[in-house]
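Descriptive structure summary
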There are 2 protein chains.
Amino acid sequence: MPVPALDPATTNRFIALAEACADAAGEILSRHFRTSLAVDTKPDATPVTVADRDAEAAMRALIADAVPDHGILGEEMPPRNPGAEFTWVIDPIDGTKSFITGKATFGTLVALARGGRPLIGLINQPIQRERWIGAEGRATTFNGAPARVRPCGSVADAMLYTTSPYLFPGGDEDRFHRLRRRVRHALFGGDCYSYGLLASGHADIVVESGLKPYDYAALVPVIEGAGGVITDWDGRPLTLASDGRVLATGDAGLHRDVLAILQSG
Amino acid sequence: MPVPALDPATTNRFIALAEACADAAGEILSRHFRTSLAVDTKPDATPVTVADRDAEAAMRALIADAVPDHGILGEEMPPRNPGAEFTWVIDPIDGTKSFITGKATFGTLVALARGGRPLIGLINQPIQRERWIGAEGRATTFNGAPARVRPCGSVADAMLYTTSPYLFPGGDEDRFHRLRRRVRHALFGGDCYSYGLLASGHADIVVESGLKPYDYAALVPVIEGAGGVITDWDGRPLTLASDGRVLATGDAGLHRDVLAILQSG
């Protein structure tokens, strides 16, 4: 299903709204960072705090006020306007475990999808004050300056990031290990921040699975606008209906080689 | 062998020297951070850059000038004055893989040991401008303010950090996994930065093995001065002759429980 492009003025308006969401969430998260917070455990065993909930509520209020007919899909609250043409896909804290242990490598994610395809994406790290913004047809920016992936000629030269080797469901863990043993160095931790580092040319591969749309939607325009490739593990474009397996590389040739490794055996 | 305490004026003088080392290294590392750097691979398969080497050289020059009869044990260059009563144990970049991928969770480590026992320790993160300083008999500071561990009543409530599950040699990996399965959340990445987070009361357990003296010496006074416990996996105090297995906890009771898990089976 081809998704029509946004006109430049509309893109600018929606980017400004995404930035306003990141600003509002960032102000709340900065206030709670490294304070004593009650940490609840959700049914999926992941942690959540009042900071997650307040930051999501603040973003939802901004979106509902600016574009009341748009949908909202967030990590912590029920969907708004399901089935709308435009859907905002938001995660107040991607990397809550980092947040609650005082480590500034979590991020707020804001995406706008049309017909299921992410068109605008933003990664914001409020403590280090780092922000990546991507939009279809535009160059990704990092704190306002162009961000660009780097070339990487072979898997053996690649720096790979993933959040944890224990977050790959079922057989995905074996597929990950096949890849891990082939790269130059594998690094752990990072959540969305790893994708920002890749977009800025500091890392070569990020691979994860079991992700939800609010974990990956914002990454798509950021990576693509920086010249990288991001798909599922079958090489298909990511949509809100994807299966949660994500592979991002800076180098397009590297992406083909990594897919072949993930699909072998 | 009991190690005599330093008098306060001498402690102050050596802390000032450790801070001067961290300042000098930090200036060099900040200049190279997120630039294109040639990355060499050492015989132990770990990466090293000109930033590591220049930062270590700068620290060595400061120490040799201030206390020419002291020993120096560093990651990148041969020992100076081996067998001296006082030995400076330095690592210009602990977490070189994070450094070369643009992630500001590496640190410069500076320790002063007497008779093999670390008396003064410093962890410095130059990009985020975060510095922990510990000295025997004094309260650990974080950016000049007191740092203090937090209580944690049980392993099931604990947040655990380790750099990578693939850095445990031999049977240590199984021992780590026994522990990992018991904690509330296990997080990865971080190197020395995880010990700083523990000293400041944001995490409960850090466990690693295969470390070298320059990886752990500086951590000892930081953790102990913040009220935490740091030993090898048999509960013995860490010295420059320890076997590279390190367990740090904020809560003393938790330390006993974790040791029992690591030693079971």
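Use the structure listed above.
Residues numbered from 1 in each chain as written. Chains lettered and ligands numbered in written order. Predicted model: local features only at pLDDT ≥ 70, side-chain atom pairs only at ≥ 80, totals over all residues. Heavy atoms only, no water.

**Describing the interface of chain B and chain A**
Often, the extent of an interface is quoted as the loss of accessible area on bringing the components together. Facing the 35 residues of chain B at the interface are 35 residues of chain A. Both faces considered, chain B and chain A share a buried interface measuring about 2,900 Å² in area, 55% of it formed by carbon and sulfur atoms. On the surface where chain B and chain A come into contact, there are two salt bridges. For Glu130 of chain B, the salt bridge is made with Arg34 of chain A, and the minimal N-O distance between the two is 3.0 Å. In this structure, the connection of chain B to chain A is made through twelve residue pairs in polar contact (both at pLDDT 80 or more). For the side of chain B that touches chain A, the secondary structure elements donating two or more residues are β1 (40–41), α3 (96–100), β10 (159–162), α4 (172–180), β11 (185–188) and α5 (192–199) of chain B. Residue composition of the side of chain B that touches chain A, grouped by class: 15 nonpolar, 13 polar and seven charged. (Contact = heavy atoms within 4.5 Å. Buried area = accessible area lost by both parts, 1.4 Å probe. Salt bridge = Lys/Arg side-chain N within 4 Å of Asp/Glu carboxyl O. Polar contact = N/O pair within 3.5 Å; in protein donor to acceptor, adjacent residues only side chain to side chain. Helix = DSSP H or I, 4+ residues; strand = E, 2+ residues; numbered from the N terminus. Nonpolar A, V, L, I, M, F, W, Y, C, P; charged D, E, K, R; others polar.)

**Some remarks on the relation of the copies chain B and chain A**
When chain B is fitted to chain A, the best match, at an RMSD of 0.0 Å, comes from turning it 180° and sliding it 0.0 Å along the axis. What the superposition gives is, in effect, a two-fold axis relating one chain to the other. When the interface residues of chain B are mapped onto chain A, 100% of them again fall at the interface, so both copies present the same face. (Least-squares fit on C-alpha atoms with pLDDT ≥ 70 in both.)

**Concerning helix α5 (residues 192–199) of chain A**
Residue and element names in this part refer to chain A. Buried residues dominate α5, accounting for eight of its eight residues. Turning to α5, its buried residues number three or more, namely Cys192, Tyr193, Ser194, Tyr195, Gly196, Leu197, Leu198 and Ala199. Just downstream of α5 lies Gly201, where phi reads positive at about 80°. (Buried < 20%, exposed > 50% of the residue type's maximum accessible area, 1.4 Å probe, protein only.)

**Section: the side chain of Thr249 of chain A**
Residues and elements named next belong to chain A. Examined against the element boundaries, Thr249 turns out to sit in strand β14 (residues 246–249). With a relative accessible area of 0%, Thr249 lands in the buried category. Polar contacts involving the side chain of Thr249 include one to the main-chain carbonyl oxygen of Asp251, which spans 2.8 Å. Residues in contact with Thr249, not counting those within four places in the same chain, are Leu198, Asp204, Ile205, Ile223, Gly228, Val229, Leu254 and His255.

**Let's talk about the packing of helix α1 (residues 8–32) of chain B against helix α2 (residues 50–66) of chain B**
Residue and element names in this part refer to chain B. At a minimum axis distance of 9 Å, the contact between α1 and α2 shows a crossing angle of 155°. The pairing of α1 with α2 is recorded here as roughly antiparallel in orientation. Crossing hand, α1 versus α2: right-handed. Side by side, α1 and α2 meet where Leu17, Ala20, Cys21, Ala24, Ala25, Ile28, Leu29 and His32 of the first sit next to Val50, Ala51, Asp54, Ala55, Ala58, Met59, Leu62, Ile63 and Ala66 of the second. A per-class count over the contact of α1 with α2 returns 15 nonpolar, one polar and one charged. (Axes fitted to C-alpha atoms, helices over the stretch in contact; angles between N-to-C directions. Parallel < 35°, antiparallel > 145°, perpendicular 65-115°, else oblique. Left-handed = near helix turned anticlockwise from the far one by under 90°.)

**A short note on the sheet that holds strand β7 (residues 130–135) of chain B**
All names here are of chain B. Pairing is mixed in the open sheet, where seven strands are placed in the order β3-β4-β5-β6-β7-β8-β9. Of all the strands in the sheet, just β3 (71–74) and β9 (145–146) have a single pairing partner and so form its edges. With two bridges joining them, β7 and strand β8 (residues 141–142) adopt antiparallel strand pairing. When the bridges of β8 are listed, Trp132 appears paired with Phe142. Across the sheet, α2 lies against β3, β4 (86–94) and β5 (107–114), angled at about 155° from β4, the strand it touches most. (Pairing = 2+ DSSP bridges.)

**Here we look at the packing of aromatic side chains**
Summed over the entire model, instances satisfying the criterion amount to 21 aromatic pairs over all chains. Plain terms: the ring middles of Phe188 of chain A and Phe188 of chain B are 6.5 Å apart, the flat faces sit at 65° to each other, and that makes the pair edge-to-face. With Phe188 of chain A in strand β11 (residues 185–188) and Phe188 of chain B in strand β11, this residue pair bridges two chains. Looking at Phe188 of chain A, the relative accessible area reads 4%, which means it is buried. Among the aromatic residues, those joined into a ring-pair cluster are Tyr166 and Phe188 of chain A together with Tyr166 and Phe188 of chain B. Here the guanidinium or amino end of Arg180 of chain A rests over the ring plane of Tyr166 of chain B, the centre of that ring lying 3.4 Å away. (Phe/Tyr/Trp six-rings, centres within 6.5 Å; stacked < 30°, edge-to-face > 60°. Lys NZ or Arg CZ within 6 Å of the ring centre and 35° of its normal.)

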